[in-house]
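Structure at a glance
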Amino acid sequence: MGDIKVLFDEKKIAKRVAELGRQITSDYRDKKKEILIVGVLKGSFVFMADLCRAIDLPLKVGFLALSSYGDETKSTGQVRLVSDLGIPIRDKHVIVVEDIVDTGLTLQYLFDNLRSRNPASLRLCSLLEKPACKKVEIPIDYLGFQVPDEFVIGYGLDAAQLYRNLPYIGILNVDAQP
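All figures in this text were calculated on a predicted structure; none of them were measured in a lab.

Quick notes on the rules
Residues numbered from 1 in each chain as written. Predicted model: local features only at pLDDT ≥ 70, side-chain atom pairs only at ≥ 80, totals over all residues. Heavy atoms only, no water. Buried < 20%, exposed > 50% of the residue type's maximum accessible area, 1.4 Å probe, protein only. Helix = DSSP H or I, 4+ residues; strand = E, 2+ residues; numbered from the N terminus. Pairing = 2+ DSSP bridges. Right-handed = clockwise from strand over helix to strand, strands pointing away. Disulfide = S-S within 2.5 Å. Phe/Tyr/Trp six-rings, centres within 6.5 Å; stacked < 30°, edge-to-face > 60°. Axes fitted to C-alpha atoms, helices over the stretch in contact; angles between N-to-C directions. Contact = heavy atoms within 4.5 Å. Arc of directions from axis to C-beta. Expected span 1.5 Å × (residues − 1). Core = buried A, V, L, I, M, F, W, Y, C linked by side-chain atoms within 4.5 Å.

The next subject is the pairing of strand β2 (residues 35-41). Counting buried residues in β2 gives six out of seven residues, a clear majority hidden from the surface. Relative to strand β5 (residues 93-101), β2 runs parallel, the two being bridged by five bridges. The partner of Val 38 across the bridge, within β5, is Val 96. Direction of pairing for β2 relative to strand β3 (residues 60-67): parallel, over a ladder of six bridges. Paired with Leu 41 across the strands is Ala 65, a residue of β3. Regarding the hand of the β-α-β motif, the stretch spanning β2, helix α2 (residues 45-54) and β3 is right-handed.

Okay, here's the thing in structure tokens:
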């Protein structure tokens, strides 16, 4: 896989995930209501698994799937709810776990949808953010790293469903993309 420029190696990712887990643990330690970690599939699954192990509190997990990319490298701008949560979120502290925030349009759609379900609180934990791509402002309560306006892969992020299994985050050479 020589056509990949590594941005964040395994050690740097593990260190940051542990820091995020400690911060979330501290922020929610005295909360009386249930904590629900909601992963946005497919890209967040690796990050979410590591993050959940780094949070030292009782919590539940759920997943939903949205699509705005298909197999493309740029968002289509149209968001589809592919698979919804199978559990209610009313009166729960919900932390949405996302792989990357770029335009913010997908998360704006998701947060509008989730707010209508009356959670006790709703926060966002994103592994990555591309500030140069923002079209709408989405507050990120817990952020791993900022990245340049490049197509990133690895640690759950894909190019046409490939490269999710890489233990690091990198930039795939445009000419090498599937």
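With that settled, consider the state of the cysteines. As enumerated under the stated definition, the model contains zero disulfides in all. Lacking any disulfide linkage, Cys 52 is separated from the closest cysteine sulfur, that of Cys 125, by 9.6 Å. Take Cys 125: its relative accessible area is 0%, and that puts it in the buried class.

Our focus in this paragraph is the packing of aromatic side chains. Tallied over the entire structure, the rule returns one aromatic pair. Relative to Phe 145, the ring of Phe 8 has its centre 4.0 Å away and its plane inclined at 20°; by these criteria the two rings are stacked. Here the residue Phe 8 occupies a position in strand β1 (residues 4-8), and Phe 145 occupies one in strand β7 (residues 142-146), the gap between them amounting to 137 residues. In this structure Phe 8 comes out as buried when scored by relative accessible area, which is 10%.

Spatial ordering of the open sheet is given by β4-β3-β2-β5-β6-β7, a layout of six strands whose pairing is mixed. For this open sheet the edge positions go to β4 (80-83) and β7, each flanked by a neighbour on one side alone. Looking at each pair of strands side by side, their axes are set apart by 30° on average, direction ignored. Sitting on the sheet, α2 touches β2, β3, β5 and β6 (121-129), and the angle it makes with β2 is about 160°.

Every buried residue of helix α3 (residues 105-115) is listed here: Thr 106, Leu 107, Leu 110, Phe 111 and Leu 114. Seen along its axis, α3 keeps its buried residues to an arc of 120°; they face one direction.

Attention now goes to helix α1 (residues 10-28). For α1, spanning 19 residues, the distance from its first C-alpha to its last is 27 Å, which sits close to the expected 27 Å at 1.5 Å a residue. For α1, every residue scored as buried is listed here: Ile 13, Val 17, Leu 20, Gly 21, Ile 24, Thr 25 and Tyr 28. Each buried residue of α1 sits inside an arc of 135° when the element is viewed along its axis, so together they form one side. Exposed side of α1, more than 90 degrees from the buried face: Lys 11, Lys 15 and Arg 22 are the residues found there.

Our focus in this paragraph is the nonpolar core. Counting 28 residues, the largest nonpolar core has Phe 47, Leu 51, Cys 125 and Leu 128 as the members making the most contacts within it. Going through the elements one at a time, α1, β2, α2, β5, β6, β7 and β9 (169-172) are the ones with two or more residues in this core. Among the elements that take part in this core, α1 stands out by supplying five residues, more than any other. With residues near it in sequence (within four places) discarded, Phe 47 still touches Val 17, Leu 20, Val 97, Glu 98, Cys 125, Ser 126, Leu 127 and Tyr 155.

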